[in-house]
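Results of the structural survey
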Amino acid sequence: MQWREAPDPVLAGDGQAIVRHLAVATCDLDALIVSGRSPFPAPFTLGHEGVAEVLEIGDGVTTVRPGDRVLVPFQISCGTCGACRAGRSGNCETEALGTTYGFGFGEELTRFGGFLADRVLVPYADAMLVRLPDGLAPEVAAGASDNLTDAYRAVAPALAQRPGAPVLVVGGAMSGSIGVYAAGQAVALGSEDVLYVDADPGRRALAQAYGARTLDHVPDRVDRRFPVTVDASASREGLALALGSLDRDGICTSTAIYFDPATVPSFPLLGMYVMGSTFVTGRIHARRDAPAVLDLLAAGTFDPGPATTRVVPFDEAADALVEDYVKLVFTR
């Protein structure tokens, strides 16, 4: 892990913006990348969750101005293709599939660099940048680029359809913030009973502080069935529990990434058929859902602060990224 000098990005066309990040949060995937356990080819230019200040805008940009504070969703989205207009911003059809990952990966996956940099080019400023609500601190909002929004999509739509429904979250994948966020947001959004399952005592303590009850191991079954379950475990046992615990017409959302097929259990398809179950996996549509998360944070309905292990100056990022953490936030 080291800082490197690189040429400053420059505006290369209409509709673009140059931004300077004020707060950058780690993604759970960053821990896997830094440990060398991801399948992505190095080198990496890290950082894909963050709030920035707009420095420059190109011709045709109308929604932001220099000096504005904005959330930068981690995926590239043009805003005008069929997928973007339909709200599927994570699969923009203007960009090649690999480049929609956007920021914070290696050169094979993106050409747009990472947020832990002095300046970042945003190719579709009007479509991508989301103004920060007044009074919302950048370090609080930074995770809405990805992980906070990933947790939101796992619980909020289902709870909107079934208010008060009990929620099961199986956590533990990578650094583990998404599962903790999902449990906390489920409580904040009115679930009558949130059960968080994770072997890690630190993450269990965070979930308990948000109001969830916890379990320190993944059992074969739990004490009730749940209309809403979340697999944030990336483990065979965790996914099996999330699927096997579904109630009638229940929905299981997996936010975990299964790089190794050997870790995926056999799906209980007959039971899921009888129950009328729904299983959802895949990358989020960050630009579509991030505004709702920012509203949640601005209203004080949910506070991600307790799950932040440490707020770290930018200059200390190279050292901090090799530590154990649930969530780091880097600030200038």
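Structural data are supplied above this passage.
Keep in mind the model is a prediction, meaning the values are calculated, not measured.

On to the overall build of the chain, then. The number of helices and strands found in the chain is eleven helices and 13 strands. Summarising its shape, the C-alpha atoms of the chain cover approximately 55 × 40 × 40 Å along the three principal directions. When burial is assessed residue by residue, the chain has 54% of its 332 residues classed as buried. When contacts within the chain are restricted to residue pairs at least 6 apart in sequence, those whose partners lie at least 24 apart make up 70%.

Before going further, it helps to examine the side chain of glutamate 95. Of note, glutamate 95 is situated in the loop between α2 (82–85) and β4 (120–122). Taking the relative accessible area as the measure of exposure, glutamate 95 reaches 8% and is therefore buried. Here tyrosine 124 takes part through its side chain, which lies 2.9 Å from a polar atom of the side chain of glutamate 95.

Any two aromatic rings considered together are summarised by their centre-to-centre distance and by the angle between their planes. This model, assessed by the stated rule, comprises seven aromatic pairs. The interplanar angle of 80° and the centroid separation of 5.5 Å between the aromatic rings of phenylalanine 40 and phenylalanine 105 together place this pair among those described as edge-to-face. Residue phenylalanine 40 is found in the loop between α1 (28–34) and β2 (50–57), and its partner phenylalanine 105 is found in the loop between α2 and β4; the two are separated by 65 residues along the sequence. For phenylalanine 105, a relative accessible area of 3% corresponds to the buried category. In textbook terms, an aromatic cluster arises when at least three aromatic residues are bridged by ring pairs, as seen for Phe40, Phe105 and Phe259. Arginine 224 extends its terminal NZ or CZ atom over the ring of phenylalanine 226, reaching a point 5.7 Å from the ring centre. The lysine or arginine in question, arginine 332, covers the ring of phenylalanine 314, its NZ or CZ lying 4.3 Å from the ring centre.

As for its position among the elements, aspartate 68 is in the loop between β2 and β3 (69–71). The class of aspartate 68 is buried, set by a relative accessible area of 17%. Along the sequence, aspartate 68 and valine 130 sit 62 residues apart, while their C-alpha atoms lie 9.8 Å from each other. Setting aside its immediate chain neighbours within four residues, aspartate 68 contacts Ala52, Glu53, Val54, Thr63 and Arg131. Only 2.8 Å separates the side chain of aspartate 68 from the backbone nitrogen of arginine 65, close enough to count as a polar contact.

In this section: the environment of glycine 135. By the secondary structure assignment, glycine 135 is in the loop between β5 (130–131) and α4 (138–141). When the C-alpha positions of glycine 135 and alanine 154 are compared, they lie 27 Å apart, and in sequence the two are 19 residues distant.

What follows concerns a nonpolar patch on the surface. There is a patch of nonpolar side chains on the surface, built from Leu270, Tyr273 and Val274 and spanning about 420 Å² of accessible area. With respect to the helices and strands, the residue valine 274 is situated in helix α9 (residues 269–275). A residue is classified by how much of its surface remains accessible, and valine 274, at 62% relative accessible area, is exposed.

Let us look at the nonpolar core. One broad rule of soluble globular proteins: the nonpolar side chains tend to lie buried together. Counting residues in each nonpolar core, the largest one holds 41 residues, and the members touching the most others are Val155, Val167 and Leu294. Elements represented by at least two residues in this core include exactly α5 (147–161), β6 (167–170), α6 (177–188), β7 (194–197), α7 (201–209), β9 (226–231) and α10 (286–298). Sorting elements by how many residues they give to this core places α5 first, with eight residues. Looking at which domains feed residues into this core, each of domain 1 (17–146 + 284–331) and domain 2 (147–280) gives three or more. When residues no more than four places from it in sequence are discounted, the contact partners of valine 155 are Val167, Ala182, Gln185, Ala186, Leu189 and Val230.

Cut-offs applied
Residues numbered from 1 in each chain as written. Predicted model: local features only at pLDDT ≥ 70, side-chain atom pairs only at ≥ 80, totals over all residues. Heavy atoms only, no water. Helix = DSSP H or I, 4+ residues; strand = E, 2+ residues; numbered from the N terminus. Buried < 20%, exposed > 50% of the residue type's maximum accessible area, 1.4 Å probe, protein only. Contact = heavy atoms within 4.5 Å. Polar contact = N/O pair within 3.5 Å; in protein donor to acceptor, adjacent residues only side chain to side chain. Phe/Tyr/Trp six-rings, centres within 6.5 Å; stacked < 30°, edge-to-face > 60°. Lys NZ or Arg CZ within 6 Å of the ring centre and 35° of its normal. Patch = residues over 30% accessible without salt bridge, like charges linked within 9 Å, V, L, I, M, F, W, Y side chains within 5 Å. Areas by Shrake-Rupley, 256 points an atom, 1.4 Å probe, with all protein chains shown as cover. Salt bridge = Lys/Arg side-chain N within 4 Å of Asp/Glu carboxyl O. Core = buried A, V, L, I, M, F, W, Y, C linked by side-chain atoms within 4.5 Å. Domains from an automatic or database assignment.

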